[in-house]
Amino acid sequence: MTDKSKEMKDVPEEGPETEEVQKDPVAEANAKAEEYLDMARRIQADFDNFRKRSQKEKEDYKAFATADLMSDLLSIVDDFDRALEHADPESDIAIGVNGIRKNLMKVLESKGLKEIDATGRFDPNFHEALCTVEADTDGDIAEVFQKGYCIGNRVLRYTKVKVTKKKQEE
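Conventions and cut-offs
- Along each chain, numbering runs from 1 in the same order as the chain's sequence is written.
- Two thresholds apply to this predicted model, a pLDDT of at least 70 for residue-level local features and 80 or more for giving and counting side-chain atom pairs, whereas whole-chain, interface and lining totals are computed over all residues.
- Only hydrogens and water are set aside; all other atoms, that is, all heavy atoms of the structure, feed into the side-chain values.
- Strand pairing is defined by DSSP finding a minimum of two bridges between the two strands.
- Only runs of H or I of at least four residues qualify as helices and only runs of E of at least two qualify as strands under DSSP, and these elements are numbered from the N terminus.
- Structural elements are reduced to axes, namely lines fitted to C-alpha atoms, with helices fitted over the stretch in contact, and the angle between N-to-C directions of any two is expressed from 0 to 180 degrees.
- Any pair of residues with heavy atoms lying within 4.5 Å of one another is described as a contacting pair.
- Think of a nonpolar core as a cluster: buried Ala, Val, Leu, Ile, Met, Phe, Trp, Tyr and Cys residues, connected wherever their side-chain atoms sit within 4.5 Å.
- Relative accessible area decides the class of each residue, using a 1.4 Å probe on protein chains only: under 20% of the type maximum gives buried, over 50% gives exposed, and in between gives partly exposed.
- Our angle categories are set so that under 35 degrees counts as roughly parallel, over 145 as roughly antiparallel, 65 to 115 as roughly perpendicular, and the remainder as oblique.
- Crossing handedness: left-handed means the near helix sits turned counterclockwise from the far one by under a right angle, and right-handed means the same turn made clockwise.
- Whenever two N or O atoms come within 3.5 Å, that pair is a polar contact, provided that in protein one can donate a hydrogen and the other can accept it, and provided that, for residues adjacent in sequence, both atoms are side-chain atoms.

Caption draft 1: Region of the structure containing the sheet that holds strand E4 (residues 149–151). Taken together, three strands build an open sheet; the order of strands is E1-E4-E5 and the sheet is antiparallel. In the strand order of this sheet, the two ends are held by strand E1 (113–115) and strand E5 (154–157), each with one partner. Along the sheet, successive strands turn relative to each other by an average axial angle of 35°, direction set aside. Here three bridges tie E1 to E4, and the two strands are oriented antiparallel to one another. Across the sheet, the residue bridging to Lys 114 is Cys 150, located in E4. In the packing of helix H3 (residues 67–85) onto the sheet, the strands contacted are E1, E4 and E5, and the crossing angle to E5 comes to about 45°.

Following this line, the structure appears as structure tokens:
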């Protein structure tokens, strides 16, 4: 076979079966436009999700950035509570210390600090059991040794409690 015959073999013969189907340019343009519109919608949704995620991360960072400082300030609140336990409630010093404690707690609460409820049933998600005492019921909080606090859903300090344990019958 010569080179010309090879070239001739590669070229398809023209006939009614081999005619190319003509594409509609308007339909092609509409399909491309639909594809680009879909792509634009996806990019817009991705950007909205990114913006929302960034906003949430910023709020979380802001809420938890001061957690260490709040934890340190809670030891001062505890000192105020111990001082108030041993002072005469009618004395000027006790009234002043109580006022300082209330103001400090207002500031901390404005930053998202909440006291954990220490009444009722023991919850290991919020309470730390230091010891047990026998009682008629099982799993109730008998005494609070140290108040616990949380910021949002995050526990900053667990409430230290004494838990009841049901009496064993002999």
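Structure's up, so let's keep going.
Caption draft 2: Representation of the nonpolar core within the structure. Core analysis: the largest hydrophobic core is formed by 13 residues, its most contacted members being Leu 108, Leu 113 and Leu 156. Mapped by element, the contributors of at least two residues to this core are H3, helix H4 (92–110) and E4. The biggest single contributor to this core is H3, with five residues. Those residues in contact with Leu 113, other than ones at most four positions away along the chain, are Met 70, Leu 74, Met 105, Leu 108, Tyr 149, Cys 150, Ile 151 and Leu 156.

Caption draft 3: Representation of the pairing of E5 within the structure. Direction of pairing for E4 relative to E5: antiparallel, over a ladder of three bridges. Counted as the bridge partner of Ile 151 is Arg 154 from E5. Counting the residues that bridge the hairpin from E4 to E5 gives two residues, and of these Gly 152 lies at a positive phi of roughly 65°.

Caption draft 4: Main features of the packing of H3 against H4. The contact between H3 and H4 brings their axes to 10 Å, and the two run at 155°. The angle between H3 and H4 falls in the class roughly antiparallel. When you trace H3 past H4, the crossing you get is left-handed. Counting all contacts with H3, which are made through Met 70, Leu 73, Leu 74, Ile 76, Val 77, Phe 80, Asp 81 and Leu 84, the residues of H4 involved are Ala 94, Val 97, Asn 98, Ile 100, Arg 101, Leu 104, Met 105 and Leu 108.

Caption draft 5: Quick peek at the side chain of His 127. Mapped onto the elements, His 127 comes out in strand E2 (residues 127–135). Owing to a relative accessible area of 6%, His 127 belongs among the buried residues under this scheme. Engagement of the side chain of His 127 in a polar contact is seen with the backbone oxygen of Asp 117, the distance being 3.0 Å. Setting aside residues no more than four positions away along its own chain, His 127 makes contact with Ile 116, Asp 117, Ala 118, Arg 121, Phe 122, Ile 141, Tyr 158, Thr 159 and Val 161.

Caption draft 6: Structural detail: the sheet that holds strand E6 (residues 159–166). Strands sit in the order E2-E6-E3 across an open sheet of three strands; the sheet is mixed. Looking at the sheet topology across the chains shown, the edges are occupied by E2 and strand E3 (141–146). Taking each pair of neighbouring strands and ignoring which way they run, the sheet shows an average axis angle of 25°. The pairing of E3 with E6 spans four bridges and is antiparallel. Of the residues in E6, the one forming a bridge with Ile 141 is Val 163.

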